[in-house]
Amino acid sequence: MEINSKPSLWQSCVMVLKRDLRLALRNQSDLVNPLIFFVMVATLFPLGVTPDKEFLSQIATGIIWVAALLATLLSLDAMFRSDYDDGSLEQLLLSPYPLYLLVLAKVTSHWIVSGLLLTLLFPLLAIVLFLPWEGYPAMLASLLLGTPLLSLIGAIGAALTVGLKKGGVLLSLLILPLYIPVLIFGTGAVGAAINGTPYIGHLLWLGVFLVMAITLAPFAIAAALRVSIAG
Amino acid sequence: MNWTWFHKMGSPKWFYDITDKWMFWLGLASAVLLAVAMVWGLAFAPADYQQGNSYRIIFVHVPSAFLAQACYIMMAVAGAIGLIWKMKLADMAAKVSAPIGASFTILALLTGAIWGKPTWGTWWVWDARLTSMLLLLFLYFGYMALQSAFDNEATASKASSILALVGLVNIPIIKYSVEWWNTLHQPATLTLTERPAMATEMLIPLLLSIAAFYCFFTLVFLMRLRTEVLIRENRTNWVKKIVQPDV
């Protein structure tokens, strides 16, 4: 092996991604708890509001989206926390590769273990909440576009609060207002689909936000991590 | 090019000395302008043909809504200057403007609710303008919470400036998303591009009132900023001389 051999940029990103996924698989409570939370929230509404089928099918879209949003929020604090505690976050900052791409790899792994799994679980909630069939494709598409956005925006908040001992509540305070557009367009798409009107416009907006977030959010995440580590 | 003026502007001592002379005139200007605008607007401006006298709250509502948004932009820009050029004064300016902006946001929301009761028959509706104002307030709260969560002032400034910039990108997104989602609020009273639809007798006191609010905002902002300068520079000799002239 050559002395100067070091992984290429692509390899290092894949390594970060693989490592985070492996950590998530080994630490199963962190992986499963947000998903259980996601399903449990759905039980609260029939009990707290009404078990009426008609009414539930009207608010099912909102419940699923809000539950997805809160479940993501629950998983955010762990995103950088253990890396910060054991010093591997510092190593990430010191690495010769652009932090921009490394954090993008970390966010991707967070999305795979939170957003993607939530998206796969949504039919379960949709059935118990009587979501009309017409809404299923739109719900799937909007969750696929919307949940990576939740991970990207949330990562900014997680990076800002990782140096603080009680970051959890503060994190929700910072991030929830920024989540509103995702919620509006996500539920808007499903609502339009149920009413039989075109819903592609809502999805396109979600796509625009996703492209914007992929381009801009890693800058903010990287800057926030540098501040948190230096402070 | 000679850049010394820029650095001079960033010096807390220079800032403290120069604003000392402004405070009296700013206070006078805002008191006079506020008194004239309020008396004119609330007592002498004609009643609206549709809304009667209830529209008069416009003279408080519109300027505070203006300032609520302008203050956020100023806060984010000051935060960016602090991040890029590491100017202490810009960091302080960003920090002290947050509570002022939040207060104007609350004032705009409250006067809006009071105006909404007679015109729409309800204190609150989930209308686009109202909701985006409420979210602006949440952004201010988040900023202030993050600012106060750090022990180290420098870290707090940097972290909250990043948040302010992220929020700045999001403000238009939030604004338009809620606008397409639901709208009941009447269209903007004043726009830069069109001739105002208002009667001149109402427009003049409104413009006066906006000027008064801006003056008042500058006064409060400078007062808070001067205090912040004294607090953060408390180890320097010039501050010691001001605080304890005899020692």
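Residues numbered from 1 in each chain as written. Chains lettered and ligands numbered in written order. Predicted model: local features only at pLDDT ≥ 70, side-chain atom pairs only at ≥ 80, totals over all residues. Heavy atoms only, no water.

### Notes on the overall build of chain A
For the record, the criterion: Elements are defined by DSSP. Helices are runs of H or I of four residues or more, strands are runs of E of two residues or more, and each kind is numbered from the N terminus. Only C-alpha atoms enter the radius of gyration, while the globule expectation follows 2.2 Å times N to the 0.38, with N the number of residues. Partly exposed describes any residue whose relative accessible area lies between the buried limit of under 20% and the exposed limit of over 50%, with all areas from a 1.4 Å probe on protein chains only and scaled to the type maximum. Residues count as neighbours in contact if any of their non-hydrogen atoms are within 4.5 Å of one another. Only the protein chains shown count as covering a residue, and every accessible area follows the Shrake-Rupley method with a 1.4 Å probe. Counting rule for charge: Lys and Arg are taken as positive, Asp and Glu as negative, and neither His nor the chain ends is counted. In this description, the location of a charge corresponds to atom NZ of lysine, CZ of arginine, CG of aspartate or CD of glutamate.
When you go through chain A residue by residue, the secondary structure sums to 9 helices and 0 strands. Shown N-terminal to C-terminal, the secondary structure of chain A runs as helices and strands in the order α-α-α-α-α-α-α-α-α. The C-alpha atoms of chain A give a radius of gyration of 19 Å, which matches the 17 Å a tight globule of 231 residues would have. Across its three principal axes, chain A shows a C-alpha extent of roughly 65 × 35 × 30 Å. Looking at chain A residue by residue over its 231 residues, the buried ones come to 48%. Nonlocal contacts in chain A, meaning residues at least 24 apart in sequence, comprise 83% of its contacts between residues at least 6 apart. Surface summary for chain A: the accessible area is close to 11000 Å², and the carbon and sulfur share equals 70%. Considering chain A, the positive charge centre built from 11 side chains and the negative charge centre built from 11 side chains are found 8 Å apart.

### Topic: the UniProt feature "transmembrane region" (unreviewed entry) in chain B
Selection criterion: UniProt positions are given in the numbering used here, feature names are shortened, and annotations may be inferred rather than shown by experiment.
UniProt tags residues 22-45, 57-84, 96-116, 128-150, 162-182 and 202-222 of chain B as "transmembrane region" (unreviewed entry). The straight-line gap between the two end C-alpha atoms of residues 96-116 of chain B is 31 Å; of that span, 100% is helix and 0% is strand.

### Things to note about the environment of Leu 121 of chain A
Residues and elements named next belong to chain A. Note that Leu 121 resides in helix α6 (residues 99-128). A residue is classified by how much of its surface remains accessible, and Leu 121, at 24% relative accessible area, is partly exposed. Along the sequence, Leu 121 and Phe 38 sit 83 residues apart, while their C-alpha atoms lie 8.8 Å from each other. Sequence-distant contacts of Leu 121, that is, excluding residues within four places in its chain, are made with Leu 35, Phe 38 and Val 39.

### Quick word on the packing of helix α5 (residues 128-149) of chain B against helix α6 (residues 153-181) of chain B
Residue and element names in this part refer to chain B. The line we're drawing: Lines are fitted to the C-alpha atoms to define the axes, a helix being fitted only along its stretch in contact, and any angle between axes, read from their N-to-C directions, falls within 0 to 180 degrees. Angle categories are assigned with fixed cut-offs, so that under 35 degrees is roughly parallel, over 145 is roughly antiparallel, 65 to 115 is roughly perpendicular, and the rest are oblique. Residue type decides the class: Asp, Glu, Lys and Arg count as charged, Ala, Val, Leu, Ile, Met, Phe, Trp, Tyr, Cys and Pro as nonpolar, and the leftover types, Gly among them, as polar.
Interhelical geometry of α5 versus α6 gives an angle of 170 degrees and a closest axis separation of 9 Å. Our classification of the angle between α5 and α6 gives roughly antiparallel. For the contact of α5 with α6, the class distribution of residues is 14 nonpolar, 8 polar and 3 charged.

### A few points about the interface of chain B and chain A
Our working rule: In short, buried area is how much 1.4 Å probe accessible area vanishes from two parts on joining, totalled over both. Pairs of N or O atoms within 3.5 Å make up the polar contacts considered here, provided that, within protein, one atom can donate a hydrogen while the other can accept it, and that residues adjacent in sequence are counted only when both atoms are side-chain atoms.
Taken residue by residue, the interface counts 24 residues in chain B and 22 residues in chain A. Counting each side, the surface lost to burial between chain B and chain A is near 2000 Å², with a carbon and sulfur contribution of 90%. Summed over the shared surface of chain B and chain A, the number is 0 residue pairs in polar contact (both at pLDDT 80 or more). Among the residues making up the side of chain B that touches chain A, the classes are represented as 18 nonpolar, 5 polar and 1 charged.

### With respect to the pattern of salt bridges
Selection criterion: In what follows, salt bridge is the name for a side-chain nitrogen of Lys or Arg lying within 4 Å of a carboxyl oxygen of Asp or Glu.
Overall, the coordinates contain 12 salt bridges over all chains when judged by the stated rule. For Glu 153 of chain B, the salt bridge is made with Arg 232 of chain B, and the minimal N-O distance between the two is 3.1 Å. With Glu 153 of chain B in helix α6 and Arg 232 of chain B in helix α7 (residues 200-232), this residue pair connects regions lying 79 residues apart in the sequence. One connected set of salt bridges, linked through shared partners, spans Arg 19, Asp 20, Asp 83 and Lys 106 of chain A.

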